[in-house]
Amino acid sequence: MTTGIITDAQNTWCPGCGNFAIEHALKDVILRLEAEGTPREKMVLVSGIGCHAKMADYLNINSFYSLHGRSVSFATGICMANPDLKVICCVGDGDAYAEGIAHLLFAAKRNVNMTVLVHNNRVYGLTKGQFTPTSPGEYHSKSNPYASNDLAFNPPELLLSAGCSFVARGYSRRGKELKELIYDGISHSGFSFIDILQICASYMDKTEEYDEQVYVPVSHNPEDFDAACRLVREYRYNDSGKIALGILFQEKRGTFHVGTPYLQQKYEDKQSFVMRFIDGRR
Amino acid sequence: MTTGIITDAQNTWCPGCGNFAIEHALKDVILRLEAEGTPREKMVLVSGIGCHAKMADYLNINSFYSLHGRSVSFATGICMANPDLKVICCVGDGDAYAEGIAHLLFAAKRNVNMTVLVHNNRVYGLTKGQFTPTSPGEYHSKSNPYASNDLAFNPPELLLSAGCSFVARGYSRRGKELKELIYDGISHSGFSFIDILQICASYMDKTEEYDEQVYVPVSHNPEDFDAACRLVREYRYNDSGKIALGILFQEKRGTFHVGTPYLQQKYEDKQSFVMRFIDGRR
Amino acid sequence: MDECSVLIGGKAGDGINVAGQTIARIFTTLGYYVYMYYDYPSLIRGGHNFSVIRASNHPIGTHRSGIDILLAMDLTTLRRHQNDCKRDALIIYNSDSVQSDVGSGIPLKRIVEKNGGSAVMENTVMIGALAFALGMEWEEFASVISHEMHKFTEKNLEIARDAFQMQEEKREVKRIHQSPGIILSGNEAVSLGLLSAGLNGYIAYPMSPSTGILHFMAAASGETGVQVFQPESEIAVVTMAEGMVYAGAKTAVGTSGGGFCLMTEALSMAGMAEIPITIVLAQRSGPSTGTPTYTAQSDLHFAIHAGHGEFPRFVFAPGDAQQAFEWAGHALSLSWQFQVPSILMTDRVLSEGVYTVDPEFLPAITPVSVPLWEGHDEYLRYRDTEDGISLYASPPLSGSVIKGNSKSHDERGISVDDGMQIASMTRKQMKKIPLMKEAVSRLNPVHVSGNHDSDMCLISWGSNAPLCREAANFVGIKSVQPIVMHPFPETEMLAATSRSRMTFLLEDNFSGQLADICEAHGIPVDIRLPRFDGRPFTLDQLIEDLWGLAE
Amino acid sequence: MDECSVLIGGKAGDGINVAGQTIARIFTTLGYYVYMYYDYPSLIRGGHNFSVIRASNHPIGTHRSGIDILLAMDLTTLRRHQNDCKRDALIIYNSDSVQSDVGSGIPLKRIVEKNGGSAVMENTVMIGALAFALGMEWEEFASVISHEMHKFTEKNLEIARDAFQMQEEKREVKRIHQSPGIILSGNEAVSLGLLSAGLNGYIAYPMSPSTGILHFMAAASGETGVQVFQPESEIAVVTMAEGMVYAGAKTAVGTSGGGFCLMTEALSMAGMAEIPITIVLAQRSGPSTGTPTYTAQSDLHFAIHAGHGEFPRFVFAPGDAQQAFEWAGHALSLSWQFQVPSILMTDRVLSEGVYTVDPEFLPAITPVSVPLWEGHDEYLRYRDTEDGISLYASPPLSGSVIKGNSKSHDERGISVDDGMQIASMTRKQMKKIPLMKEAVSRLNPVHVSGNHDSDMCLISWGSNAPLCREAANFVGIKSVQPIVMHPFPETEMLAATSRSRMTFLLEDNFSGQLADICEAHGIPVDIRLPRFDGRPFTLDQLIEDLWGLAE
Ligand SMILES: Cc1ncc(C[n+]2csc(CCOP(=O)(O)OP(=O)(O)O)c2C)c(N)n1
Ligand SMILES: Cc1ncc(C[n+]2csc(CCOP(=O)(O)OP(=O)(O)O)c2C)c(N)n1
Ligand code: SF4
Ligand code: SF4
Ligand SMILES: [Mg+2]
Ligand SMILES: [Mg+2]
């Protein structure tokens, strides 16, 4: 029975890991949504593979622990089949910006009604610290000890140009704001993308830098696309620059839907279609 | 022997297809490069799968006819192993914006020294006209007769935000400009992306619209990133708006390279490494 | 004649496929069973396409080499196929573009232009001429035209009538007083079979020769409600489809070689997470991009072993439209019954071939029945049960959580790495295999025909089955076709072949994939008949070979 | 004792793997052959990791159940492994965190802190205590430490010395006067073997248990020039690598289950386009994400049949570090000799296990020799030759063009769809198969050991081979290990097993994949010994089972 929100699965994140804060925030949002009337069984969590993905084991909520890089696509299928569900993806930066970047961009383009939380610790955590598309240029891991890494991707900028209707950035050490962002993301009708700067205690502890660089812009209007573009270019995931937190962009746009959700489909329609088709060929 | 630039393979493009113009332009650029001193054997063409890809059969030049969506990644390998080669990719919009979008964005991010010509006919040509990520919203093909298609991708905008160092747009009915663009793209040191609006005579003949909408901006400075952003937003691949042709953005940036290109590698280095390693373990 | 083969050929864009189907329809009206083979290269306009329509007084599913009537829309057709014609064949050619001293010309372009039609209507001229030659009544023919040509029906009728009146030479076929049934392509049959079983979603990325299913489903989505979508890649296709399945929707996907490769990671996930997904794998000539519009049966081993790790799955390979309808339904149903992936293999010849199907013999249309959770205690997605099947539920399930997992997991779906737990979940999943075998045993997994008493046996699978069926009948030997390829119906195959002194096995691949599987199950294969040029055998070739071999 | 097993256990992050290797080094110094099994769950800090280091006076490649010395860095280790200890085992535990009335405590944290070291150095304390217990001289031990610990060597020496002096209880092992060789993990051996054959490029995406090769190669890239890169996905990995091969670079990739799935489309392309690519497939527990850090041998069928269509390929499965070195080299060389893809299968136990290898027995280091085009007439990438091998060339080739193609093609590499041409290219490619078989026949594709005269035979593959070798020796039966898995070395396997009255086959999967292959080749397998809990057998268990079965 769904009682506690945390399962009894043993938590195996490192001490000090930013995932705890994300779990905490997400848990609180789920409880808040429940309190506001969305039954928990209508929420579904889909995860990729990586440290972040353990969320699927830890939260006592419908979940699918999917493949590295494929959670957003899997989640799209859920949204298609049953648009009544609130679908949340917990994905990693390796997961969503490398292996699965296509699915992320296409879900944004289509405006699939789901919320994607990128646990952007800027390393492959679970496979022991290799560089990801958002690792800072000078980060040399065991898989690139020499090669000077190329420019990092700027995910909020990419998502903006892919047509994303909700682009936000959070920080694992700003739990209160994070909670709000996740709540707003889930409440947004359409595709919500939240890049969460997450501390990786073992391979990429950027606590000091982030603490110094992050800020919440005071008079930013999230409906202003150009302003959003300017904001996301302040920080290029290369260690310098101010890091704006909060909803960077939000717009209303029709959401993705395909045909008749399966619960509304009628078997008789198929039956009679088949019969009509056969008769038509007689 | 590499004599004529066109092979004797039977050409099977439809009459009126925009691919002819692209072939013509590319052929002329190859001849010009040859005349300027780049031997033809140093050029390599990599294609995906689709109508566009037949270029690999038609041009008498080193080529690899690869997989749907994978030409840019395959070509990256060629550039890595032998940076002396001039590598050109002929890809389709289905090819590069759907199946293979990840490779395109990563090659741009890494600034791999190659030139990508997207034969953007805005349909899957060879599989008979299904919609692609750049099909206009109202285009209803056999695979989406009902569904209202979502927003089209704006490829130049996406590429800009991925860090592409050369972003251009051509049109298959503007041969002279196209030739220049391809030449400039190949001459650019780094990743050159050219979105070529290509007429598909069988499934998407936008001759009239394009003829009316395209223009070459007079005083655009391709080094101005913000101006480039504004320019690419004029046209959102949704049928209305002016379509700027030419180099939209260009910047100098270090190109992708990894370790020692294989022709400079020495077997003795490996041999002595192995021996040293073994001795070190004694 | 109680048998007639018509070949119509022209350029891509001339509508040779549609023309072929109309011709098939004509023969149906005349009481014949038909089979059509359609041959085309991978291009959009130009090139050389042709359809061979064979009509017979008995059920068939293959074409023959000798042509009775050749309809040449261009010179290439005449040149290439003249030699395939029987001595007394009727040849009708397009006199607007072809000069010939054999056969009778008819001016396609001129007739179309006279009636103000467009170029694509030239094939209507040919069909009009054919209808007359076959000895049809105009009214009868007119109703076929009205039926088949929904667009510009009037114009087509006018054009057809001119041609009908202009044609002089005849090659009359006798009218047979039977209603053989309707014509269906393999892809249509697969689609209808899936719909009959209650399909909710179909996701695919275009790839020959599976694309026909996507187009059919998309067209049917309005009336049936089926959710049909074409996403960005085959990886998206299969993961999206599996997401739909998690949400409870009965979903299938379709693809071919390279697309199937891209689905193997998620196929393995379907194994671990017990996701009932149905994959239609339409084989074509490979490896790699190969020859996209030509046929092969070279993915059998791959389909059986695709995906890392071990998990139960079904692999079926129907051989004609009738079987395709039936087994598409079974694929979806059995997949859900056992919560395992199922793969429905077709090949280019079956997918795009056209067959006569008698609707009377189609299985009853019944929806998949899913063993659903209705309990009130805690829901365990992977509850270990006697038969290894955990009752299904999809969200929202009031008061319970549903945890699917691609990792090794416990009954709740929570990840584990303890050895005992890993092994016990494997055992749970593997318990299904004997039951899956039993289930397919009840569905006639092996089709036997021909001379049951013969001590010679011709084995084949997929689209070669109807060919071998007919050849075996003709030569007087037995024909055996496994339709279930995995779990291999060993008992039935052994029973079917046990009394054979000599066994032949014909398949469209180089190495003899089914032959290897048969031999591994103790069924000796004496002579392998491999074909790997992308083309199907014709009946006459095969019969000749068999005569030679049986000596 | 001429044999000793040490288990060291602690939390992830405690450096159990490195500690294990240092212990292996200690035994090497004392003249022992070693084998280390490393066990860890998929997490970064916490959890429970352990290494079992077994030392023996003869070559070994497997661990035993009875522990002689238990080094418990935490309570979990003590609790879990106390029962595995022999009656007179020495137990050393971390007295800073564990209270115990068995064994002797040593205060890890205290000693480290006293010397101003950091937490990761706690394992040095354990190792110091162990060295004393084994009866080492301090100088000798100090040189091991200096050798193994390149970072903070002085600090580690101080810590080790304190521990060395504090330890009281002993479990001395006798010093053996032999130089057994060096220690190598399977992943290191694969890397060195590839480098020895002249590897130019290594492309990979992180995935356990193949990641070690990526890290090794990246570290070696500076000195060797090898181009090492981690791109965005496994699809990028393999296509990029094949691009490098087109350009002439000898390139390998490495991955595991799901990653391998994603490579199958390009594997098929390597078949059609004749691209010599080497894929290291490090198996782990599946299906799907499975249990990433535990072992399995359940991808054999998949590796042999992966990719659509038919094409020649090699599949090799070495069983220990020595073989891994050798066959990694062969994989690259044979791949280039025949211009076919080769797959080198390892498994978790081999990849991350540590073995003693005698450098004297490693094959000579020689580069791949590629049959290169040096002609002066027109270059044909796919020239049809007597042996099916077309000479290789990569751009720039003066005055010629080089056309590779994933589609059916003619000798020049230009696409074709004519049936005769399709078939003739298939025939050309398939001509290689008999020659490939001959080539591997010359390389001892099957390893036979134990009692050659016994009529009982124990077959195994991959990392189970050294285990079975030793068990067979002990029990007095024959041990047979195919290293070449495809093309299957039928002749050698039949020869090796022909006189067996009873055959056992042990493998880490449920269905018995090698067993099925053996049986398909006429080698009856009487008793299958499947294991599918992610853990390897131990020697003692297996011997016990064999005694039972051989009765
Ligand atoms: C197809 C595939 N490739 C590789 C892996 C191995 N793998 C598991 S987790 C992981 C990295 C995860 O990094 P990220 O997504 O950033 O998550 P994090 O661990 O940092 O939270 C990788 C590469 C896999 N499971 N599947
Ligand atoms: C993995 C894979 N999926 C699907 C296909 C089938 N296919 C061949 S061409 C093509 C469409 C090509 O469209 P585009 O790239 O736009 O090229 P165009 O034909 O329009 O030039 C597709 C889907 C394939 N060859 N491989
Ligand atoms: S490795 Fe990093 S991301 Fe993973 S659990 Fe540890 S601290 Fe968290
Ligand atoms: S289908 Fe379109 S893109 Fe393809 S050849 Fe014809 S006109 Fe050109
Ligand atoms: Mg990460
Ligand atoms: Mg296109």
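How each quantity is defined
- Residues numbered from 1 in each chain as written.
- Chains lettered and ligands numbered in written order.
- Predicted model: local features only at pLDDT ≥ 70, side-chain atom pairs only at ≥ 80, totals over all residues.
- Heavy atoms only, no water.
- Donors = N, O, S within 2.8 Å, 3.2 Å for Na, K, Ca; no water.
- Helix = DSSP H or I, 4+ residues; strand = E, 2+ residues; numbered from the N terminus.
- Buried < 20%, exposed > 50% of the residue type's maximum accessible area, 1.4 Å probe, protein only.
- Near = heavy atom within 4 Å.
- Nonpolar A, V, L, I, M, F, W, Y, C, P; charged D, E, K, R; others polar.
- Lys, Arg positive; Asp, Glu negative; His and termini not counted.
- Salt bridge = Lys/Arg side-chain N within 4 Å of Asp/Glu carboxyl O.
- Polar contact = N/O pair within 3.5 Å; in protein donor to acceptor, adjacent residues only side chain to side chain.
- Contact = heavy atoms within 4.5 Å.
- Axes fitted to C-alpha atoms, helices over the stretch in contact; angles between N-to-C directions.
- Parallel < 35°, antiparallel > 145°, perpendicular 65-115°, else oblique.

With an unreviewed UniProt entry as reference, chain C is termed 2-oxoacid:acceptor oxidoreductase subunit alpha, source organism Methanogenium marinum.

The name given to chain A in an unreviewed UniProt entry is Thiamine pyrophosphate-dependent enzyme, and the organism recorded there is Methanogenium marinum.

Asks: Where do I start with the coordination of the magnesium ion (ligand 5) in this structure?
Replies: Residues and elements named next belong to chain A. The coordination sphere of the magnesium ion (ligand 5), as far as protein atoms go, consists of Asp-93 (OD), Asn-121 (OD1) and Val-123 (O), spread over 2.0 to 2.2 Å. Sequence spacing of the donors to the magnesium ion (ligand 5): D-x27-N-x1-V. Of this pair, Asp-93 sits in helix H4 (residues 93-99) while Asn-121 is found in the loop between strand E4 (114-120) and helix H6 (155-161), placing the two residues 28 residues apart along the sequence. Neither Asp-93 nor Asn-121 differs from the other in exposure class; each is buried.

Asks: Would you mind showing me how to read the site of ligand 4 here?
Replies: Neighbouring ligand 4 are Trp-13, Cys-14, Cys-17, Asn-19, Cys-51, Asn-121, Gln-198, Cys-200, Ala-201, Ser-202 and Tyr-203 of chain B together with Ile-44 of chain C. Of the residues belonging to the shell around ligand 4, the class tally is eight nonpolar, four polar and no charged.

Asks: Mind showing me how you'd approach the side chain of Arg-381 of chain D here?
Replies: Residues and elements named next belong to chain D. If you trace the backbone, Arg-381 turns up in the loop between strand E14 (354-357) and strand E15 (403-405). Salt bridges are absent for the buried Arg-381, whose nearest opposite-charge side chain, Glu-274, sits at 5.3 Å. Within the local environment of Arg-381, its side chain forms a polar contact with the side chain of Gln-339, the two groups lying 3.0 Å apart. Apart from the residues lying within four places of it in its own chain, the contact partners of Arg-381 are Ala-273, Glu-274, Gln-339, Ser-390, Leu-391, Tyr-392, Ile-402, Lys-403, Glu-411 and Arg-412.

Asks: Any chance you could explain the side chain of Thr-38 of chain B here in plain terms?
Replies: Residues and elements named next belong to chain B. Take Thr-38: it is sitting in the loop between helix H1 (19-35) and strand E1 (43-47). Classification of Thr-38 as buried rests on a relative accessible area of 17%. In contact with Thr-38, other than residues within four places in its own chain, are Leu-33, Met-43 and Lys-86.

Asks: Before we go on, may I ask you to explain the coordination of the magnesium ion (ligand 6) in this structure?
Replies: Reference values for coordination geometry: four tetrahedral donors around a metal ideally subtend 109.5 degrees, six octahedral donors ideally subtend 90 or 180 degrees. All names here are of chain B. Binding of the magnesium ion (ligand 6) to the protein goes through Asp-93 (OD), Asn-121 (OD1) and Val-123 (O), at separations of 2.0 to 2.2 Å. The sequence motif formed by the donor residues of the magnesium ion (ligand 6) is D-x27-N-x1-V. The exposure class assigned to Asp-93 is buried, which follows from its relative accessible area of 1%.

Asks: Hey, could you run me through the packing of helix H3 (residues 71-81) of chain B against helix H5 (residues 101-110) of chain B in this one?
Replies: The packing of two helices is summarised by the inter-axis angle and the distance between the axes. Residues and elements named next belong to chain B. At a closest axis distance of 7 Å, the pairing of H3 and H5 adopts a crossing angle of 40 degrees. Here H3 is positioned oblique relative to H5, judged by the angle of their axes. Facing Val-72, Ser-73 and Thr-76 of H3, the residues of H5 in contact are His-103, Leu-104 and Ala-107. Across the contact of H3 with H5, the residue classes break down as three nonpolar, three polar and no charged.

Asks: Sorry, what's going on with unusual backbone geometry here?
Replies: As a rule of thumb, non-glycine residues mostly have phi less than zero, and peptide bonds are mostly trans rather than cis. Here Pro-395 of chain C and Pro-396 of chain C are connected by a cis peptide whose omega angle stands at 0 degrees. Along the chain, Pro-396 of chain C turns up in the loop between strand E14 (354-357) and strand E15 (403-405). Of note, Lys-128 of chain B is a non-glycine position whose phi angle comes to about 85 degrees, a positive value.

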